[in-house]
Amino acid sequence: MNRFLIVKNFIHLCMIFNKKLALQTAKHLLQINAIKLNLENPFTWASGWKSPIYCDNRIILSYPKIRSHLSDIISKKIAQEHSDPLIIAGVATGAIGIAMLVADKLKLPFIYIRPEPKKHGQKNQIEGHLNSKLPVLVIEDLISTGKSSINAVNSIKNAGAKVIGMIALFTYGFEMTKKAFINANVNVQTLCDYEHLLSVAESEGEISTFQKERLKTWRKDPSAWNN
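Computed from a predicted structure; not experimentally measured. (Residues numbered from 1 in each chain as written. Predicted model: local features only at pLDDT ≥ 70, side-chain atom pairs only at ≥ 80, totals over all residues. Heavy atoms only, no water.)

## Describing the overall build of the protein
The helix and strand inventory of the protein stands at 7 helices and 11 strands. Relative to the compact-globule value of 17 Å for 227 residues, the protein shows a C-alpha radius of gyration of 17 Å, a close match. Each of the three principal axes of the protein carries a C-alpha extent, and together these read 50 × 35 × 35 Å. Taking all 227 residues of the protein together, the buried fraction comes to 48%. (Helix = DSSP H or I, 4+ residues; strand = E, 2+ residues; numbered from the N terminus. Rg over C-alpha atoms; globule rule 2.2 N^0.38 Å. Buried < 20%, exposed > 50% of the residue type's maximum accessible area, 1.4 Å probe, protein only.)

## A word on the environment of His129
Within the fold, His129 resides in the loop between strand S8 (126-127) and strand S9 (136-143). Residues His129 and Phe110 lie 19 residues apart in sequence; the distance between their C-alpha atoms is 7.9 Å.

## Points about the pairing of strand S11 (residues 188-193)
Of all the 6 residues making up S11, 6 are buried; the element is thus mostly covered by neighbouring parts of the structure. A crossover links strand S10 (residues 163-171) with its parallel partner S11, the connecting element being helix H5 (residues 175-184), and its sense is right-handed. (Right-handed = clockwise from strand over helix to strand, strands pointing away.)

## Considerations on the pattern of salt bridges
Taken as a whole, this structure holds 11 salt bridges when the rule is applied. As a salt-bridge pair, Glu175 and Lys178 come within 3.5 Å of each other at their nearest N and O atoms. Here the residue Glu175 and the residue Lys178 both occupy positions in helix H5, the gap between them amounting to 3 residues, near one helical turn. Overall, Lys178 belongs to the partly exposed group, its relative accessible area being 28%. (Salt bridge = Lys/Arg side-chain N within 4 Å of Asp/Glu carboxyl O.)

## Let's talk about the pairing of strand S7 (residues 110-113)
One face of the sheet, then the other: side chains in a regular strand alternate in exactly this way. Of the pairings in the sheet, the one linking strand S6 (residues 87-91) to S7 comprises 4 bridges and is parallel in character. Among the inter-strand pairings, Val91 is bridged to a residue of S7, identified as Ile113. A crossover links S6 with its parallel partner S7, the connecting element being helix H3 (residues 96-106), and its sense is right-handed. In the sheet, S7 pairs with S8 via 2 bridges, with the strands oriented antiparallel. (Pairing = 2+ DSSP bridges.)

## A few points about helix H4 (residues 147-158)
Spanning 12 residues, H4 covers 16 Å between terminal C-alpha atoms, matching the ideal 16 Å at 1.5 Å per step. If you check which residues of H4 are buried, you get Ser149, Ile150, Ala152, Val153, Ser155 and Ile156. Packing partners of the buried residues in H4 comprise S6, S7, S8, S9, S10 and H5. Just downstream of H4 lies Gly160, where phi reads positive at about 100°. (Expected span 1.5 Å × (residues − 1). Contact = heavy atoms within 4.5 Å.)

## Some thoughts on the nonpolar core
When a protein is soluble and globular, its nonpolar side chains tend to lie buried together. If you look at the biggest cluster of nonpolar residues, it comprises 46 residues, and the most contacted ones within it are Ile78, Ile88, Ile139, Phe170, Tyr172 and Tyr194. Apart from the residues within four sequence positions on either side, Phe170 is in contact with Leu29, Ile35, Cys55, Asn57, Asp141, Leu142, Ile143, Cys192, Asp193, Tyr194 and Leu197. Judged by nonpolar contacts, the second largest core, of 23 residues, contains Ile111, Ile113, Leu130 and Ile150. (Core = buried A, V, L, I, M, F, W, Y, C linked by side-chain atoms within 4.5 Å.)

## Some remarks on the packing of helix H6 (residues 194-203) against helix H7 (residues 209-220)
Contact geometry for H6 and H7: axes closest at 10 Å, N-to-C directions at 165°. Classified by the angle between their axes, H6 and H7 sit roughly antiparallel to one another. Once H6 is placed against H7, the crossing between them reads as right-handed. Here H6 contributes Tyr194, Glu195, Leu198, Ser199 and Glu202 to the contact with H7, which in turn contributes Thr209, Lys212, Leu215, Lys216, Trp218 and Arg219. (Axes fitted to C-alpha atoms, helices over the stretch in contact; angles between N-to-C directions. Parallel < 35°, antiparallel > 145°, perpendicular 65-115°, else oblique. Left-handed = near helix turned anticlockwise from the far one by under 90°.)

## Re helix H1 (residues 19-31)
End to end, H1 covers 18 Å across 13 residues, agreeing with the expected 18 Å (1.5 Å per residue, within 8%). Those residues of H1 lying buried are Leu21, Ala22, Thr25, Ala26, His28, Leu29 and Leu30. Put simply, Asn18 is the residue that caps the front of H1, since its side-chain oxygen is 3.3 Å from the backbone nitrogen of Lys20. Positioned one or two residues after H1, Asn33 has a phi angle of 60°, which is positive. (Polar contact = N/O pair within 3.5 Å; in protein donor to acceptor, adjacent residues only side chain to side chain.)

## Let's talk about the packing of aromatic side chains
As enumerated under the stated definition, the model contains 12 aromatic pairs in all. Ring centres 5.1 Å apart and planes at 45° place the aromatic pair Trp45 and Tyr172 in the tilted group. Highlighted residues: Trp45 in the loop between strand S3 (43-44) and strand S4 (50-51) and Tyr172 in the loop between S10 and H5, separated in sequence by 127 residues. In this structure, Trp45 and Tyr172 share a single accessibility class: buried. The residue whose ring lies beneath Lys77 is Phe17, and the NZ or CZ to ring-centre distance is 5.1 Å. (Phe/Tyr/Trp six-rings, centres within 6.5 Å; stacked < 30°, edge-to-face > 60°. Lys NZ or Arg CZ within 6 Å of the ring centre and 35° of its normal.)

Written out as structure tokens, the structure reads:
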């Protein structure tokens, strides 16, 4: 078996590492306000969607214990599943920090991927040295529609390198996103997802059971959701 392939039960799915870690991560994200829930005054995404949830995982970098804890978990997961050298890639801008921490802990090369090539200079989209002989593992801070994540993967592939998978801190788990990753042949693992976030938010008194159900409704069809 190719040692660079993600284990079978993770193929083509946005799967969490394990339930305990997902709940723990959700608690961290809520405690530091990296994830905000507001049903009455929803946020507006760049896509134009009205959303009762906003996620900014870059805030993690401001909390040394949490950033160290999460980067340790990702590093150990990678070390367990990949024994040969590889490259760690962060998706700009949100995942650059956490991906750099992981690469440093594992003593591995690091690159990051811009949303598009620069308009000046060398017009790079990939920053850093990409050795196309080494496989690449992509780190994401957040997966929503999956467009920016898949764009990063495609830029690496177009540069001649092999992408062996992606690890994300959090995913909303939209059905359309899952299908997009399947079509792009990208294997994804996450530390936390929407279901576990709602479970922790309810248990911590952040939301009521009624609000939890409304939040579930948004996830089913976010483009048509009306608060």
